[in-house]
Amino acid sequence: MYQVKKIKEDLYWVGANDRRLSLFENVYPLTHGVSYNSYLMLDEKTVLFDTVDKAVDQQFYENITHVLNGRSLDYLIINHMEPDHCACIESICTKYPEVQIVCNVKTEAMIKQFFNFNIDGRTVIIKEGDKLETGRHTLTFVMAPMVHWPEAMVTYDCTDKILFSADAFGTFGSLDGRMFADEMDFENKMLDEARRYYTNIVGKYGLQVNALLKKASTLEISMVCPLHGPVWRKNIGWFIDKYLKWASYIPEDKAVMIAYGSIYGHTENAAEILASALNDLGVKDVMMYDVSSTDNSVIISESFRCSHLVFASATYNLGIFVKMEETVHDLVAHAIQNRTIAVIENGSWAPSAGKLIREQMAKLKNCTVLEDNILVRSSVKEDNRAQLLALAEKIAADF
């Protein structure tokens, strides 16, 4: 049975929620599912904005059939070619043989890579600033390369001031019967998932995201319709401000994240002593994460949120503890900047984790790696405790 949501008088959400998927992109854990958003405009010409993942295609087709109510489909606009949004292109073209695919040159090439059906003669190739008249609505197009694929673009409805933002402004999590961000306690219930989505999926491409935000700042936007998560019609500036911070690698909060990799608990003990000392000094926003039991996507998200990062690791096989090595590698790959970083190492023999972590952190731009060299030999001793208290005082001085 169809399940649609009215966005405006002539605009409908025809997507679907997926609560069965456990790993987004087969990498990132989903605890509350995800939505695949597609939008259908009923003008003199009918326009479908993107499709959905094949996992929810039957719901998608029922939704479209209901909204069209016997009308044909004139245009399919492809803002992003990732399979969770483009999986149904061929079947839509089969169901609606007169539909024209509106896309850019890079998208057209990717369609031919993903599919085997012939699209020659049925594409409308557009470029930056081109316009598409559909009747009451005038649509224009803004290229958004590497947000987060090279072909990505966004579509702007000049009539109703709606930005169809592709993967920008997306959020993990199913919609649970609600469509708009203002219908839910977004800041307390979904902001963490929005941050985790952005930082892990798009976080590496801050320069490109800033370029898109600069273009978007020239548009009058009354509503943002992303491909994942709720639609924004109120407090849009608040969410854009979050994006500006994330894309500029500006810490969202004055806070400390402590990630630790501990084998028998001694490195964890050092991390606990530091966290306790920070609290005693008035630093209340301190979060600790065991890298062996916490998914990296959470640690990456928290690294974008927090101003100060601490990595405490045991040495393992003359290197960084395995799970910590994965975390450090992931953090460097996401090119985070403008953080203060501290390192604590543990080693019973030939300790090397600290040196190797520091070498990796040196690759990050505009980051200050504190020189405090805290080496725990197997277990925390009184001199280590004094060093940890001194480190806490140094970090707290920044607050």
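Each value, and the rule that gives it
- Residues numbered from 1 in each chain as written.
- Predicted model: local features only at pLDDT ≥ 70, side-chain atom pairs only at ≥ 80, totals over all residues.
- Heavy atoms only, no water.
- Axes fitted to C-alpha atoms, helices over the stretch in contact; angles between N-to-C directions.
- Helix = DSSP H or I, 4+ residues; strand = E, 2+ residues; numbered from the N terminus.
- Parallel < 35°, antiparallel > 145°, perpendicular 65-115°, else oblique.
- Left-handed = near helix turned anticlockwise from the far one by under 90°.
- Contact = heavy atoms within 4.5 Å.
- Core = buried A, V, L, I, M, F, W, Y, C linked by side-chain atoms within 4.5 Å.
- Buried < 20%, exposed > 50% of the residue type's maximum accessible area, 1.4 Å probe, protein only.
- Pairing = 2+ DSSP bridges.

(A) Broad picture of the packing of helix α9 (residues 266-280) against helix α13 (residues 382-396). Running from N to C, α9 and α13 cross one another at 45°; their axes reach a closest spacing of 9 Å. Comparing the axis directions of α9 and α13 gives the class oblique. Here α9 and α13 pass one another in a crossing that is right-handed. Contact with α9, carried on its side by A270, I273, L274, A277 and L278, involves R385, L388, L389, L391, A392, I395 and A396 of α13 and no other residues of that element.

(B) Representation of the nonpolar core. The biggest cluster of nonpolar side chains holds 67 residues, and the ones touching the most others in it are V14, L48, F60, I64, I89, I92 and F186. With 6 residues, helix α6 (residues 191-202) is the single largest residue contributor to this core.

(C) Layout of the sheet that holds strand β15 (residues 162-164). Spatial strand order, β12-β13-β14-β15-β16: 5 strands in an open sheet with mixed pairing. Looking at which strands have only one partner, the edges of the open sheet turn out to be β12 (131-133) and β16 (223-225). Mean inter-strand twist for the sheet, computed between neighbouring axes without regard to direction, equals 20°. Of the strand pairs in this sheet, strand β14 (residues 153-157) and β15 are connected by 3 bridges, and their pairing is antiparallel. Counterpart to Y156 in the pairing with β15 is L163.

(D) Broad picture of the environment of V124. Inspection of the secondary structure puts V124 in strand β11 (residues 123-125). Relative accessible area serves as the criterion here: at 23%, V124 is assigned to the partly exposed category. Separated by 130 residues in the primary sequence, V124 and K254 have C-alpha atoms spaced 48 Å apart. The residues touching V124, leaving out its near neighbours within four places in the chain, are Q100, I101, V102 and C103.

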